[in-house]
Amino acid sequence: DDAAIARWHEPDPDLYLASRRGLMGLWAVCWRRGRFGQCHPAHVAAITASVWQDGKKEHACREFGLCEPSVLVELLRPFALSPDIMSASDLAAFAALPETLTLYRGGTGPEDALAQGTSWTLDRAIAEYFADHRPAGMVIERRADKASLIAYFGDREREAVLAPSHHLNATA
């Protein structure tokens, strides 16, 4: 969205030029400025949320060395459940959720390692899709308080982003 990009780069000409390359260009400038330290934290959070939702986490890993999703979560954490990282429709969908959530995660590997993941879904069928597309895939389930989420992206995957410290009591 052009208005959002304009908001991120004013009045910084470097960020304006980077914005011509899109969100990843903006993210690159912030990264080069010392692990985002010289960019406004709200801008970093908004860009990180966009990277997260658009499936560009692998690009963030290759380009910037941000291979651990927990690092991305830490960039989002100060803006948890806010309009800085969630769209109006995601905020409305989040508000309509019950206070206690049943979350699912599909993947492979030891169950305790899978339970440490940051991306969960409210839709078991989505978790089953991820499990079915991996060798020896499984689905784990957990309960979480709605307030423990960092973000909720409801459009495609009904994705709940959890901070690593909230990963407890997941069961297969």
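Attention here is on the structure that accompanies the text.

Rules and cut-offs
Chains are numbered independently. Their residues run from 1 in the order of the written sequence. Owing to the predicted nature of the model, reporting of local features is limited to residues with pLDDT of at least 70; listing and counting of side-chain atom pairs is limited to 80 or more, with chain, interface and lining totals taken over all residues. Side-chain numbers come from the whole structure's heavy atoms, not from hydrogens or water. Pairing of aromatic rings covers Phe, Tyr and the six-membered ring of Trp, with a centre-to-centre limit of 6.5 Å; geometry is then stacked below 30 degrees between planes, edge-to-face above 60, and tilted otherwise. We call a charge positioned above a ring when the Lys NZ or Arg CZ atom is no farther than 6 Å from the ring centre and deviates by at most 35 degrees from the ring normal. Any carboxyl oxygen of Asp or Glu within 4 Å of a side-chain nitrogen of Lys or Arg constitutes a salt bridge here. Runs of H or I in DSSP of at least four residues are treated as helices and runs of E of at least two as strands, each being numbered from the N terminus. Each residue's exposure class comes from its accessible area (1.4 Å probe, protein chains only) as a fraction of the maximum for that residue type: buried when under 20%, exposed when over 50%, partly exposed otherwise. To define a nonpolar core, start from buried Ala, Val, Leu, Ile, Met, Phe, Trp, Tyr and Cys residues and group those joined through side-chain atoms within 4.5 Å. Throughout, a residue-residue contact means that at least one pair of heavy atoms, one from each residue, lies within 4.5 Å. Two strands qualify as a pair provided that DSSP identifies no fewer than 2 bridges between them. Any N or O atom pair separated by 3.5 Å or less is treated as a polar contact, with the protein-specific requirement of one donor-capable and one acceptor-capable atom, and with residues adjacent in sequence counted only for side-chain atom pairs. In this description, the arc belongs to the directions extending from the helix axis to the C-beta atoms.

## Observations regarding the packing of aromatic side chains
Thinking step 1. Under the definition given, this model contains one aromatic pair.
Thinking step 2. The ring of W120 carries the charged tip of R142 above its face, separated from the ring centre by 5.8 Å.
Thinking step 3. Geometry around F94 places K146 over its ring, the cationic atom sitting 4.9 Å from the centre.

## A few points about the pattern of salt bridges
Thinking step 1. All chains considered together, the criterion is met by two salt bridges.
Thinking step 2. The salt bridge partner of E99 is K146, with a shortest N-O separation of 3.7 Å. Of this pair, E99 sits in the loop between α7 (88–95) and β1 (100–107) while K146 sits in the loop between β3 (138–145) and β4 (149–153), placing them 47 residues apart in sequence.
Thinking step 3. For E99, a relative accessible area of 55% gives the class exposed.
Thinking step 4. In this structure K146 comes out as buried when scored by relative accessible area, which is 7%.
Thinking step 5. We note a salt bridge from R124 to E128, for which the minimum N-O separation is 3.0 Å. Pair noted here: R124 and E128 are both in helix α9 (residues 124–132), with a separation of four residues, about one helical turn.
Thinking step 6. Given a relative accessible area of 36%, R124 falls into the partly exposed group.

## Quick look at the nonpolar core
Thinking step 1. By size, the foremost hydrophobic cluster in this structure holds 30 residues, and its most contacted members are I85 and L103.
Thinking step 2. When contributions to this core are tallied by element, the ones reaching two or more residues are α4 (41–53), α6 (69–76), β1, α8 (111–115), β3, β4 and β5 (159–162).
Thinking step 3. Broken down by element, the residue count for this core peaks at five residues, all from β4.
Thinking step 4. With residues up to four places along the chain from it excluded, the contact list for I85 reads A45, A46, A49, Q53, L76, F79, A80, I150, A151 and F153.

## Here's the deal with the pairing of β5
Look at any regular strand and the pattern is simple: side chains alternate between the two faces of the sheet.
Thinking step 1. Neither face of β5 is open: one carries E159 and V161, the other A160 and L162, and all of them are buried.
Thinking step 2. Relative to β5, strand β2 (residues 119–121) runs antiparallel, the two being bridged by three bridges. Its bridge partner being in β5, S119 is matched across the sheet by V161.
Thinking step 3. Between β4 and β5, which pair antiparallel one after the other, the connecting turn spans five residues, and R158 there sits at a positive phi close to 45°.

## Some points on the side chain of D90
Thinking step 1. Along the chain, D90 turns up in helix α7.
Thinking step 2. Of note is the side chain of D90, whose polar atom sits 2.9 Å from the backbone nitrogen of G154.
Thinking step 3. Residues within four places of D90 in sequence aside, it is in contact with Q53, Y152, F153, G154 and D155.

## Brief notes about the side chain of K146
Thinking step 1. Within the structure, the side chain of K146 is placed 3.0 Å from the backbone oxygen of L97, a separation counted as a polar contact.
Thinking step 2. Those residues in contact with K146 that sit more than four places away from it in its chain are L81, F94, A95, L97, P98, E99 and L101.

## Some details on α9
Thinking step 1. Among the residues of α9, I126, A127 and A131 are the ones counted as buried. Buried residues of α9, viewed axially, fall in a sector of 140°; they line one side.
Thinking step 2. The secondary structure elements touched by the buried residues of α9 are β1, β2 and β3.
Thinking step 3. The backbone nitrogen of A125 has a side-chain oxygen 2.9 Å away, supplied by the residue at the start of α9, namely D123.

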